[in-house]
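Topology and contacts: notes
Each chain is listed here by its residues.
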Amino acid sequence: MTSRLADRTIVVTGASSGIGRALAEELLARGAEVVGLSRSPGRLPDGVRPLAVDLTHREEITAAFSKLEIFDALVNCAGVAYQSKILDGNPADWEEMWRVNVMGLALCSQLALRHFPKSGGRIVNVSSLSGHRVPPGGGFYAPTKFAVRAITDSLRLEIKAAGLPVQVGSVSPGFVDTPLLDDYFRGREETLRQTRASMHMLQPGDVAASILHLLETPPHVEIGDITLRSSDQRV
Ligand SMILES: NC(=O)c1ccc[n+]([C@@H]2O[C@H](COP(=O)([O-])OP(=O)(O)OC[C@H]3O[C@@H](n4cnc5c(N)ncnc54)[C@H](OP(=O)(O)O)[C@@H]3O)[C@@H](O)[C@H]2O)c1
């Protein structure tokens, strides 16, 4: 059966690694055209149209989107994670997380709305279980993901009030086996080793499958959020 996504154009931030990369590969396999945003376009999967952008810079985001024509969906997957405490963490880490996870995601969403066809579009945000509950030691990362959840809900209300044919949803995974965990557990490598050993962790493709479900759902169905975790993850 032909996928609903065949011949659609999907813009994926963070398509060079982890969840975004797995998603880009699945989209290509379904016949979609994929535009990948990343600071390192050389790391994008073959077949992805590269768009170099550092999401900490508003001007770069605006310039990148100005190069795009009409497209059908945006997946905000790029993110950074440090367990940087409010108590004594480095504010430079907070700032980077805020700029990429929150400001970058919101600006990409605003700009994408100008590129969707009249028939409609879809935005999927990659949040986290840390957008639903604050894990011990979650520091400033969880607040950025709570913000992603609020932005997703705010934007959905605004879109409905404006009468736009656009659906907005999110996926909220627990631990996923990607390079992001090396940053999240920076300085606590033994804890990361034990965490990996304690569970059959979600793989990037598991999360990509949930994002694909949101993207493939017909326009009259709007999924708000999908939470998923390893069956071995306790909280
Ligand atoms: N892994 C987990 O356990 C987990 C759990 C819950 C939620 N998440 C969320 O899932 C999303 C994807 O994470 P992942 O695990 O797949 O991480 P990852 O493998 O480290 O990938 C992160 C992606 O974000 C991009 N990125 C980071 N900073 C950027 C910047 N300043 N400008 C442009 N792109 C930037 C990276 O691209 P370049 O480096 O090429 O620029 C990379 O493609 C994130 O939003 C993360 O918060 C992850």
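Refer to the preceding data block for the structure.
Described below are features of the structure shown in this document. Everything numeric in this text was worked out from a predicted model, so none of it was measured.

Let us look at the pairing of strand β4 (residues 73-76). Burial along β4 is two-sided: A73 and V75 and L74 and N76, pointing in opposite directions, are all buried. Taken together, the four bridges between strand β1 (residues 9-13) and β4 define a ladder with parallel strand orientation. Directly across from T13, in β4, lies its bridge partner N76. Of the strand pairs in this sheet, β4 and strand β5 (residues 121-126) are connected by four bridges, and their pairing is parallel. Following the sheet pairing, A73 is matched in β5 by R122. Running through helix α3 (residues 91-112), the crossover from β4 to the neighbouring parallel element β5 is right-handed.

Empty space among the atoms can be located by rolling a probe the size of a water molecule over them. As a volume, the second largest pocket reaches approximately 310 Å³. Forming the boundary of the second largest pocket are 17 residues, of which R8, G120, G121, R122 and P219 lie nearest the centre. Counted by class, the lining of the second largest pocket contains eight nonpolar, five polar and four charged residues.

Let us now look at the packing of aromatic side chains. Within the structure shown, the criterion is met by seven aromatic pairs. Ring plane angle 55 degrees and centroid distance 6.3 Å describe the contact between F65 and F71, whose orientation is recorded as tilted. In this pair, the class of F65 matches that of F71, namely buried. Among the aromatic residues, those joined into a cluster by ring pairs are Y141, F175, Y184 and F185. In this structure, R149 packs its charged tip against the face of F146, placed 5.7 Å from the ring centre.

Our focus in this paragraph is the sheet that holds β5. Pairing in this open sheet of seven strands is parallel, and the strands run β3-β2-β1-β4-β5-β6-β7 from one edge to the other. Here the strands that pair on one side only, and so sit at the sheet edges, are β3 (49-52) and β7 (225-228). On average, each strand axis in the sheet is inclined to that of its neighbour by 15 degrees, with strand direction left out of account. The strands touched by α3 within the sheet are β1, β4 and β5, with β4 carrying the most contacts at an inclination of about 180 degrees.

Moving on, we get to the pattern of salt bridges. Applying the stated criterion across every chain yields a total of eleven salt bridges. Residue R99 pairs with E95 through a salt bridge whose shortest N-O separation is 3.5 Å. Taken as a pair, R99 and E95 lie in helix α3 at a separation of four residues, close to a single helical turn. Here E222 and K160 are joined by a salt bridge, their closest N and O atoms 2.9 Å apart. With a gap of 62 residues between them, E222 in the loop between α7 (204-216) and β7 and K160 in helix α4 (residues 141-162) connect regions that are remote in the sequence. Residue classification places E222 among the partly exposed residues on the basis of a relative accessible area of 31%. Members of the salt-bridge network, linked through shared partners, are D153, R156, K160 and E222.

Rules used throughout
Residues numbered from 1 in each chain as written. Predicted model: local features only at pLDDT ≥ 70, side-chain atom pairs only at ≥ 80, totals over all residues. Heavy atoms only, no water. Buried < 20%, exposed > 50% of the residue type's maximum accessible area, 1.4 Å probe, protein only. Helix = DSSP H or I, 4+ residues; strand = E, 2+ residues; numbered from the N terminus. Pairing = 2+ DSSP bridges. Right-handed = clockwise from strand over helix to strand, strands pointing away. 1 Å grid on protein atoms, 1.4 Å probe; cavity = no way out; pocket = protein on both sides within 12 Å on 5 of 7 lines; lining within 4 Å. Points joined across faces, edges and corners; volume = space filled by probe spheres on them. Nonpolar A, V, L, I, M, F, W, Y, C, P; charged D, E, K, R; others polar. Phe/Tyr/Trp six-rings, centres within 6.5 Å; stacked < 30°, edge-to-face > 60°. Lys NZ or Arg CZ within 6 Å of the ring centre and 35° of its normal. Axes fitted to C-alpha atoms, helices over the stretch in contact; angles between N-to-C directions. Contact = heavy atoms within 4.5 Å. Salt bridge = Lys/Arg side-chain N within 4 Å of Asp/Glu carboxyl O.

These results come straight from atomic positions and should not be treated as a statement about function.
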